[in-house]
Amino acid sequence: MSSQLWALAAAGSVVLAAAGLELWRSAAARRHALEAKSGPAVEPYIIYFTGEGCTVCRTHQEPALARLHDVRIDKVDALADRGLADRFHVYTLPTTVVMSSEGRALHVNYGYAPANKLERQLAEARRESDMKETATA
Amino acid sequence: MALTTIDHSALKVNQTGIVATVLVAFIGSYFFRPLLVLIPLLAVVLLLGTFAPQLALFKQLYFKVLKPRGIVKPRPVQDRPEPHNFAQGLGGVFLVVSSLFLLPLPVVGLAIALLVAVLAFINLAFGYCVGCQIYYQLGRAGLIKA
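Every value quoted in this text rests on a predicted model; they were computed, and no experiment measured them.

Q: Give me the lowdown on the environment of A:Pro114, citing residues and values where you can.
A: Residue and element names in this part refer to chain A. One can find Pro 114 in the loop between β4 (105–110) and α4 (115–136). Overall, the relative accessible area of 28% leaves Pro 114 in the partly exposed class. The sequence separation of Pro 114 and Pro 63 amounts to 51 residues, and the corresponding C-alpha distance is 9.2 Å.

Q: Would you mind going over the state of the cysteines in detail, with residue names and values included?
A: A complete count under the given rule lists two disulfides over all chains for this structure. Shown here is the disulfide that connects A:Cys54 with A:Cys57, its sulfur atoms set 2.0 Å apart. With the S-S dihedral at roughly 90°, the linkage between A:Cys54 and A:Cys57 falls on the right-handed side. With its sulfur 2.2 Å from that of its partner, B:Cys129 forms a disulfide with B:Cys132. Torsion about the S-S bond of the B:Cys129 and B:Cys132 cystine: about 75°, corresponding to right-handed handedness. What makes B:Cys132 buried here is its relative accessible area of 10%.

Q: Just give me the short version of the packing of helix α1 (residues 8–31) of chain B against helix α5 (residues 106–126) of chain B, but keep the residues and values in it.
A: All names here are of chain B. The interhelical angle for the contact between α1 and α5, taken along N-to-C directions, is 150°, at an axis separation of 9 Å. Comparing their axes, α5 and α1 come out roughly antiparallel. Relative to α5, α1 is oriented so that their crossing is left-handed. Side by side, α1 and α5 meet where Lys 12, Gln 15, Thr 16, Ile 18, Val 19, Val 22 and Phe 26 of the first sit next to Leu 110, Ala 113, Leu 114, Val 116, Ala 117, Ala 120, Phe 121, Asn 123 and Leu 124 of the second. Partitioned by chemical class, the residues of the contact of α1 with α5 number 12 nonpolar, three polar and one charged.

Q: How would you sum up unusual backbone geometry? Please name residues and give values.
A: Residues and elements named next belong to chain A. For the bond from Leu 93 to Pro 94, the omega torsion is 0°, close enough to zero to count as cis. In this structure, Pro 94 sits in the loop between α3 (82–87) and β3 (95–99). In this model, Asp 70 sits at a positive phi of 50°, which is unusual for a non-glycine residue. Checked against the element boundaries, Asp 70 lands in the loop between α2 (55–66) and β2 (72–77). Notably, His 89 is not glycine yet its phi reads approximately 50°, a positive angle. Among the secondary structure elements, His 89 is positioned in the loop between α3 and β3.

Thresholds, definitions, all that
- Residues numbered from 1 in each chain as written.
- Chains lettered and ligands numbered in written order.
- Predicted model: local features only at pLDDT ≥ 70, side-chain atom pairs only at ≥ 80, totals over all residues.
- Heavy atoms only, no water.
- Helix = DSSP H or I, 4+ residues; strand = E, 2+ residues; numbered from the N terminus.
- Buried < 20%, exposed > 50% of the residue type's maximum accessible area, 1.4 Å probe, protein only.
- Disulfide = S-S within 2.5 Å.
- Axes fitted to C-alpha atoms, helices over the stretch in contact; angles between N-to-C directions.
- Parallel < 35°, antiparallel > 145°, perpendicular 65-115°, else oblique.
- Left-handed = near helix turned anticlockwise from the far one by under 90°.
- Contact = heavy atoms within 4.5 Å.
- Nonpolar A, V, L, I, M, F, W, Y, C, P; charged D, E, K, R; others polar.

As structure tokens, then:
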């Protein structure tokens, strides 16, 4: 086999290994982050971790967040507020966390999360919140 | 560090240039081995462009030819140049390492060059800049002032 084919195989293996590692890393971070808590609120809300150097935040994530209606979005500079970023195991930017009204992390998205995905997660958080209210009443 | 207006079309042209050059070197060298010289040349172009933006070949191609003729439309975004420059420099360093391997171990050299092209393509197609993420991680670890 020529050098080119071996190189292609080697590069492909590295890409696959990196993708696998990234999946494992995000799953591990998400598992820890889902145990994290923040302040309670009237309605489910989103914590949006960003940073000055994050281009995807400005070009993709912020337009997606702007499409969401009637939701509180807490924008956090991950480098300035490291305590909060570490609590949610933020290892990449952007990171969005959908919080329940009791202040529990329900969904953690590492990397760009499109508007429809966030809408779906918020709807789920609202449903859960309503069910709890009904149960309490 | 303050935000400034960055034309993201220039970055896209740069990424396209990287992918195209590596692919020409990779495929072309199968038929004509001297084309491998494109890889060290690309390393020089990337490193020069990192430290002296006026010498960034692909970006200059955009600013001097593609943009004035309306071939590529500008896309100004409020952004910071440092992560992009860091990513470009990192690409250049990887291509230097690739170049060092090209003669004694061509498989390793070509594989590293291909990885640089894959990362440039991911940035071009999906807007995910791995070098910028490394920049963020280094800033988070306090190794650089991000």
